[in-house]
Amino acid sequence: MLRPRFEFKEKSEIKVGDWSGLEQRGQVRKAATTRKDGNGVCRFSCLQELVPADTAAKILEYLKKNPKLFSSEPDSVDKTPTFEFYPFRDGVWKDQELRELLEEMLEARILTYVRQRYNCRFCAASDVLVRRYIPGERRSHAVHFDGHAYVTAVLGISDPENYQGGLYIQPDPGVASRTYFRIEPGDLLVHSFDLQHGVHVWKGIRYSLVFWIKDSLQAVREGTTPWYHGLAEQDDPDALYNLAQNYEYGLFGHRKDISKAIELYERSAQTGHHFAQNNLALVYRSLCQNTTASESQQLLQKSVEWLQAAAKAGFGMAQKNLALAGHSRRRAGFLLAAFGVAAAFAVPLTLRPLRRTALLGLAVVAGRPVAAEGPSAEDAALLRRAFQALAKDPSRPGARDELEDAEEALTKVIEDFDAGAGRQDRGRIRMARAQARIAINDSTGGKLPEKAEAAVDDYTEVVRLMEEDPSGSEGTFDYPNVFVRRALAEEEIAYGRRDQKQWEAAVKDYTKAIDIWRSRPVSETGLGVNPLVLNFRGNALSQLGRFREALQDYREATEIFRKDNEYSQAAVSRCNEALALFGADEASEAMAILEDVSKRDPNIADARVALAVSYWVSRDYSRAEDEWRVACENTDLGCRSWIASFAERPLEQSRWEQMAITGASGARLAEWHGVAEAYTNGQGLRRDDAQAVVWMRRAAEQLEVEAAYLMGELHRQGRGVQLSEAVKWYLRSAEAGFPKAQYTLGMLYLEGTGLPQDSHKAEMWLNFAARQGHPEAKNNIATMHAQRGEVEEALKIWEDLAESGEPNAQCNMGMAYLRGAGRPHDASLAAEWLGKAAAQGHQMALQALAAVA
Ligand SMILES: O=C(O)CCC(=O)C(=O)O
Ligand SMILES: [Fe+2]
């Protein structure tokens, strides 16, 4: 494909020291300008063969011969490896070979030219670095400014015939304004700190050599950026932005000073600087944590407004952040992790259990069984299919048959495999069967409560397995989750059989989970009590008429949601609180809360629904209908049937009255519970999701590699992206070198989900991800080696992973030493590794350790 190329219009002969040749000059207008910033153009130039082409060739040869020079340390910005190498750092040469090739060139030509052109007599080089872009590794450097360098010079060393794309400039916020430079080996491209640029190598191999130059030797020595101060005073938008960043992070000799950063970002953002707008939005958002609820709301408002400004201008990074804005860490991870029933399908079910199942069969070191026989090939295939069925949308046509097959298959695997399997694996398969059973019940609209009962039995068995070894299970995140899932299954029985006792069982299980969360310091797990589960317990307590206790749960949930800036979730909790207040005969307080909620956030359908019910009961039909209408504009949840019930007013009146405030609130709450649950499962938030998808897609279309990956994740979270589209974006992101996308794509090929099953491609992508340090990909690759009897390769990877603390790998190392498989037998090393794995709750290691002792 042809990428638009930047064409230099001005060309002239110049002399630089002993060199004379062609200087090409170009310029672009900047997106953000002020009157005082030198009329808003950015100039740059390219010197043809300033460095002899054969020197460039020698450099390239040296780099290709020494791939180890490149660091695979993660980038501070996107956390994927940088693949950069610094032969010259902070003014000091580190690599003799390149010094010999470059030192003279740097002094006599590069710096001489820069001093001339940029009118800075004392310019000095601070760093020289090499970047490489090769297949499987990162292929892009997102659009940016070189904030730490006054001037940057890029020396071409790869033949542009050997790659597509490369270094581009992007004058506007949007990707459409991108044009690529063609840089021949030996050519030097020179630009200043205010050039918006990036790199995307579409195909082939590219190495580049970058010189970072500061305006004085002192700035090099001290690692500072003095040129911004004067420019910022003149309101130069780029200087303001770069300086703000220095204050935000405490970089380049600046002490960290958030208010200073905000002041500078604001000034830059006002001029239309989309980077400043984006960063400012993120700073505002991060400040929410330490303020009161109302201040938080204001900050969030400002944050979203700036993101919208930049996103609407077409800036991909801001579009991605805007898509993420409604969903903080707790919501995204927490909500999905905590649910059984409907959200179970939103959890990235496919990959995790599959990885485990892969490991199940592969729990071998050197081809020998560790603690268990793997499942037979037939059973492994059954497992795979069952997990695939579970990962799909349960409301699709034909789901029920597939789910029943899955239940049957999992039952068979349990029968075949249980005796030999480790405790964790037995637990996993039962969790999956319980999920299948719940899904079957759900697919009939709750008409098969016996399936929910059978699921409860599965969860009970999982609890038993976990409790066989409390030290191993208490530490895992799964343990409280099993109780939550069992409670949700009990609720299904309660509905299906109208069995009040089941509500008590559910309360008990929620309590167990909540108590476990409470007993764990937040500093350790980073999670604390799941506020959604507090809501669930509140609902179950309400079902039992224990409104006072329910109130406490709802109020605590509200507090937690507010701390997390989850205002719409907090509003749902407050609606619940209001309903419990009705139940407790505190109608006026309840109404006050509902009115407050709907005033603050008119889009919270929950409050409208509750208000409608209240008005209805007080026979104020027209206000009731108004509230309903607004509610229905915000959710299509059951609205049609409810709207219909308005039409049959006389008939339905008694039903509403039954649900009424002073009457049998149980029934009303049951109805309500359905609404609330649908909300927390994300269905009621469809509008937000739609927005998120729209912005995320735009960002992905701008080749934001993370946004492309996140499009796939939105599919997995069941948030409005089709599998076929998700696969397309995973592929794009993976091809651009994003490790998480490479891993996911590998797993999709392995499973044959959304793509034809292909184990070669699977291994290729997993390998790319593994080479970039993705731990789960490394683990899977090691397992694949072990399966093929390539013991040494497997152990090399496991050793590395084990040292970084990965428990599976630690267990495998322990077993290798224990068995003398691939490593000399060594009981003490074996005990050491097994002990480390066991300390992290690794079941197999615990068993092996017990056997050793
Ligand atoms: O690879 C290149 O040509 C330049 C990379 C770049 O922009 C940077 O490292 O800041
Ligand atoms: Fe750069």
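Up top is the structure.
This structure is a prediction, so every number in the text was calculated from the model and none was measured.

The rules behind these values
Residues numbered from 1 in each chain as written. Chains lettered and ligands numbered in written order. Predicted model: local features only at pLDDT ≥ 70, side-chain atom pairs only at ≥ 80, totals over all residues. Heavy atoms only, no water. Helix = DSSP H or I, 4+ residues; strand = E, 2+ residues; numbered from the N terminus. Expected span 1.5 Å × (residues − 1). Buried < 20%, exposed > 50% of the residue type's maximum accessible area, 1.4 Å probe, protein only. Axes fitted to C-alpha atoms, helices over the stretch in contact; angles between N-to-C directions. Parallel < 35°, antiparallel > 145°, perpendicular 65-115°, else oblique. Left-handed = near helix turned anticlockwise from the far one by under 90°. Contact = heavy atoms within 4.5 Å. Nonpolar A, V, L, I, M, F, W, Y, C, P; charged D, E, K, R; others polar. Salt bridge = Lys/Arg side-chain N within 4 Å of Asp/Glu carboxyl O. Phe/Tyr/Trp six-rings, centres within 6.5 Å; stacked < 30°, edge-to-face > 60°. Lys NZ or Arg CZ within 6 Å of the ring centre and 35° of its normal.

**Q** Quick question: what am I supposed to make of helix 14 (residues 423-443) here?
**A** An α-helical turn contains 3.6 residues, so any two residues separated by three or four positions project in the same direction. In this model, helix 14 (21 residues) spans 30 Å end to end at C-alpha, consistent with the 30 Å of a helix rising 1.5 Å per residue. Of all 21 residues in helix 14, 17 are buried, a share of seventy percent or more. Immediately downstream of helix 14, the backbone of G445 shows phi near 70°, a positive value.

**Q** I'm lost on the packing of helix 14 against helix 15 (residues 449-467) in this one. Help?
**A** Interhelical geometry of helix 14 versus helix 15 gives an angle of 165° and a closest axis separation of 8 Å. Taken together, the axis directions place helix 14 and helix 15 in an arrangement best described as roughly antiparallel. Considering only the axes of helix 14 and helix 15, their crossing is left-handed. Two secondary-structure elements touch here, helix 14 through R423, R426, G427, R430, M431, R433, A434, Q435, R437, I438, I440 and N441 and helix 15 through P449, K451, A452, A454, A455, D458, Y459, E461, V462, R464 and L465. Of the residues contributing to the contact of helix 14 with helix 15, the split by class is 11 nonpolar, 3 polar and 9 charged.

**Q** Would you mind showing me how to read helix 32 (residues 739-751) here?
**A** Taking 1.5 Å of rise per residue, 13 residues should cover 18 Å, and helix 32 covers 18 Å from first to last C-alpha, within 8% of that figure. By the criterion of burial, helix 32 is predominantly enclosed, with 12 of the 13 residues buried. Buried residues of helix 32: P739, A741, Q742, Y743, T744, L745, G746, M747, L748, Y749, L750 and E751, and no others. Taken from the residues just after helix 32, G752 is the one with a positive phi, measuring 70°.

**Q** When you look at the pattern of salt bridges in this model, what are you seeing that I'm missing?
**A** Pairing between side chains of opposite charge can happen when the charged atoms of each approach one another. Across all of its chains, the model carries 43 salt bridges by this definition. Residues K260 and E263 are paired through a salt bridge, measuring 3.9 Å at the closest nitrogen-oxygen approach. Separated by 3 residues within a single helix, K260 and E263 lie in helix 6 (residues 258-270), roughly one turn from each other. By relative accessible area, which is 37% here, E263 ends up partly exposed.

**Q** Just checking my understanding: could you explain the packing of aromatic side chains for this structure?
**A** Aromatic ring pairs: the centre-centre distance and the angle between the two ring planes describe each pair. Counted under the stated rule, the structure contains 24 aromatic pairs. Consider the rings of F275 and F315, whose centres lie 4.7 Å apart with planes at 55°: the pair is tilted. One end of the pair, F275, is in helix 7 (residues 274-287); the other, F315, is in the loop between helix 8 (293-312) and helix 9 (316-325), and 40 residues separate them in sequence. Pair check on accessibility: F275 and F315 agree, each one buried. Grouping aromatic residues by their ring pairs yields a cluster made of F145, Y241, Y265, F275 and F315. One cation-aromatic arrangement involves R89 over Y86; the distance from NZ or CZ to the ring centre is 3.6 Å. Above the ring of W833, the side-chain terminus of K836 is found at 4.8 Å from the ring centroid.

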